[in-house]
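These are the residues of each chain, in order.
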Amino acid sequence: MLNRLTVASAVAFATLAMGCAAPAAAAYPDKPIRIVVPFSPGGGTDILARQLAASVAESEKWNVVVENRPGGNGAIALSSTARAPVDGYQIVLALRENMVIAPLLNTDSNTFDPLKDFTAIANVASAPMVVVAGMNSKYDTIQKALSAAQSDPGSLRFGTSGQGSMSHLLLAMLGSQAKAPMTHVPYRGSNPAMTDLVGGHVDLVGGSIASGKSFIDGKRARPLAVSSLKRMPNLADVPTIAELGYPGFDVVTWYGLFGPADLPRDVVEKINGAVNKVLQTPEMQRTLLEQGMVTQVGSAADFDKMYRDDYVTLGQQIKTLGMTAE
């Protein structure tokens, strides 16, 4: 009898303990959530992070702060998050360039493993790019530019925001599909590339819509094509590359939230739900569109599959294109 009572008491105590533990888990978050940004304040990623943090904080009544940790093309922020406590209080807003492309190009110097060291939380936005020419350029269509490159391989020069950047990938893939070899001229950022385009030093520049919009609006650059499958509402008259004879062509930057590996599923779902909630508001959709971005809503599982598949696919494409980090 004593043994039975002892066992029953132990079971009751365990049940009570589990019941007491449940509210603690449900209390997340009970302190500030830090969204780490891999770049300095003021850039596109930083602006997106601050808009997201403010919207989630207002919607959920959470304390959400943004912390900038620039350096190493995102490696410092990503490595820090990979080593952070597995509690959901430090997450990082990463993008395709530093979560997929940079690790693929720098296999000997990576400080994190993008496939093993992180938990995918939420896909936040995608950002199509635009290919532009100078207003006085003879290349007033993308077809004319590619035709010139086909006729005289290497003669056409395209500027990008840097070696191994998304803009580099965009124009390298376009040249490859069109069988139109072009000469890559990397810059330290989109603005120097656009400035040299206006000065006639390069023939084409590929870059984010946000970086090109002021040059387009100021009639200093002519938009030839956008890199997404669908046209962008803020450049509605500009055709997609897919429309111009390259079906399925779709090269965009994506932004997403990640935490350290093995982040508790309930924490992931709570953050994912809060982010999806604000991304579906007309205010957030309008704000991001003004910055050349499109909101993305979906489950953490879908985002996890997307970025892992992207790593494999881009790895094959980068190898085929012969892209390098230097």
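Since this is a predicted model, take the numbers as computed values, not measurements.

Caption draft 1: The arrangement of the overall build of the chain in detail. Within the chain, the regular secondary structure consists of 11 helices and 10 strands. A separation of at least 24 residues holds for 76% of the contacts in the chain among residues at least 6 apart in sequence.

Caption draft 2: Molecular detail of the side chain of Arg96. For Arg96, the location among the structural elements is in helix 4 (residues 96-105). Setting aside chain neighbours within four positions, we find Arg96 in contact with Ile101, Met166, Val252, Thr253, Trp254, Asp310 and Leu314.

Caption draft 3: Highlighting helix 2 (residues 44-60). Taking 1.5 Å of rise per residue, 17 residues should cover 24 Å, and helix 2 covers 24 Å from first to last C-alpha, within 8% of that figure. Along helix 2, the residues that are buried comprise Thr45, Asp46, Leu48, Ala49, Gln51, Leu52, Ala53, Val56 and Ala57. Just downstream of helix 2 lies Lys61, where phi reads positive at about 60°.

Caption draft 4: Geometry of empty space enclosed by the protein. Throughout the structure, instances matching the rule amount to 1 cavity of 30 Å³ or more. Volume-wise, the largest cavity comes out at about 80 Å³. Lining the largest cavity are Ile33, Ile35, Leu52, Ala53, Val56, Trp62, Val64, Ile91, Leu257, Ile271 and Val275. Of all the elements in the fold, those that place two or more residues in the lining of the largest cavity are strand 1 (33-37), helix 2 and helix 9 (265-279). The element best represented in the lining of the largest cavity is helix 2, accounting for 3 residues. Looking at the lining of the largest cavity residue by residue, the class counts come to 11 nonpolar, no polar and no charged.

Caption draft 5: Focus on the nonpolar core. Grouped together as the largest cluster of nonpolar side chains are 48 residues, with contacts concentrated most on Met99, Leu204 and Phe258. No other element matches helix 6 (residues 166-178), which puts 7 residues into this core. If near-sequence neighbours (up to four positions away) are discounted, Met99 is found in contact with Leu78, Ala94, Pro114, Phe118, Trp254, Phe258, Tyr307 and Tyr311. In terms of nonpolar packing, the next biggest core, distinct from the first, is built from 36 residues, Ile33, Ile121, Ala127 and Leu263 among them.

Caption draft 6: Local environment of the environment of Lys219. Relative to the helices and strands, Lys219 resides in the loop between helix 8 (209-217) and strand 8 (221-226). On the basis of relative accessible area, Lys219 is assigned to the exposed category, the value being 62%. When the C-alpha atoms of Lys219 and Glu58 are compared, they prove to be 39 Å apart, with 161 residues separating the residues in sequence.

Caption draft 7: The arrangement of the packing of helix 6 against helix 11 (residues 300-321) in detail. Between helix 6 and helix 11, the least distance of the axes is 11 Å, while the angle of their chain directions is 65°. As far as their axial angle goes, helix 11 and helix 6 are roughly perpendicular. Once helix 6 is placed against helix 11, the crossing between them reads as left-handed. Facing helix 6, whose interface residues are Leu169, Ala172, Met173 and Ser176, helix 11 presents Leu314, Gln317 and Leu321. Residue composition of the contact of helix 6 with helix 11, grouped by class: 5 nonpolar, 2 polar and no charged.

Caption draft 8: Region of interest: the layout of surface pockets. Of the volumes computed, that of the largest pocket is approximately 990 Å³. If you go around the largest pocket, you meet 37 residues; those closest to its centre are Phe39, Leu95, Glu97, Ser161 and Ser190. For the lining of the largest pocket, the secondary structure elements donating two or more residues are helix 2, helix 4, strand 4 (118-134), helix 6, strand 7 (204-208), helix 8 and strand 9 (252-260). Among the elements that line the lining of the largest pocket, the one with the most residues is helix 4, at 5 residues. Classifying every residue of the lining of the largest pocket by side-chain character gives 15 nonpolar, 19 polar and 3 charged. Each pocket or cavity is described by its volume, and for the second largest pocket that value is around 400 Å³. Lining the second largest pocket are 23 residues, with Asp250, Val252, Trp254, Met306 and Asp310 positioned closest to its centre.

Rules behind the numbers
Residues numbered from 1 in each chain as written. Predicted model: local features only at pLDDT ≥ 70, side-chain atom pairs only at ≥ 80, totals over all residues. Heavy atoms only, no water. Helix = DSSP H or I, 4+ residues; strand = E, 2+ residues; numbered from the N terminus. Contact = heavy atoms within 4.5 Å. Expected span 1.5 Å × (residues − 1). Buried < 20%, exposed > 50% of the residue type's maximum accessible area, 1.4 Å probe, protein only. 1 Å grid on protein atoms, 1.4 Å probe; cavity = no way out; pocket = protein on both sides within 12 Å on 5 of 7 lines; lining within 4 Å. Points joined across faces, edges and corners; volume = space filled by probe spheres on them. Nonpolar A, V, L, I, M, F, W, Y, C, P; charged D, E, K, R; others polar. Core = buried A, V, L, I, M, F, W, Y, C linked by side-chain atoms within 4.5 Å. Axes fitted to C-alpha atoms, helices over the stretch in contact; angles between N-to-C directions. Parallel < 35°, antiparallel > 145°, perpendicular 65-115°, else oblique. Left-handed = near helix turned anticlockwise from the far one by under 90°.

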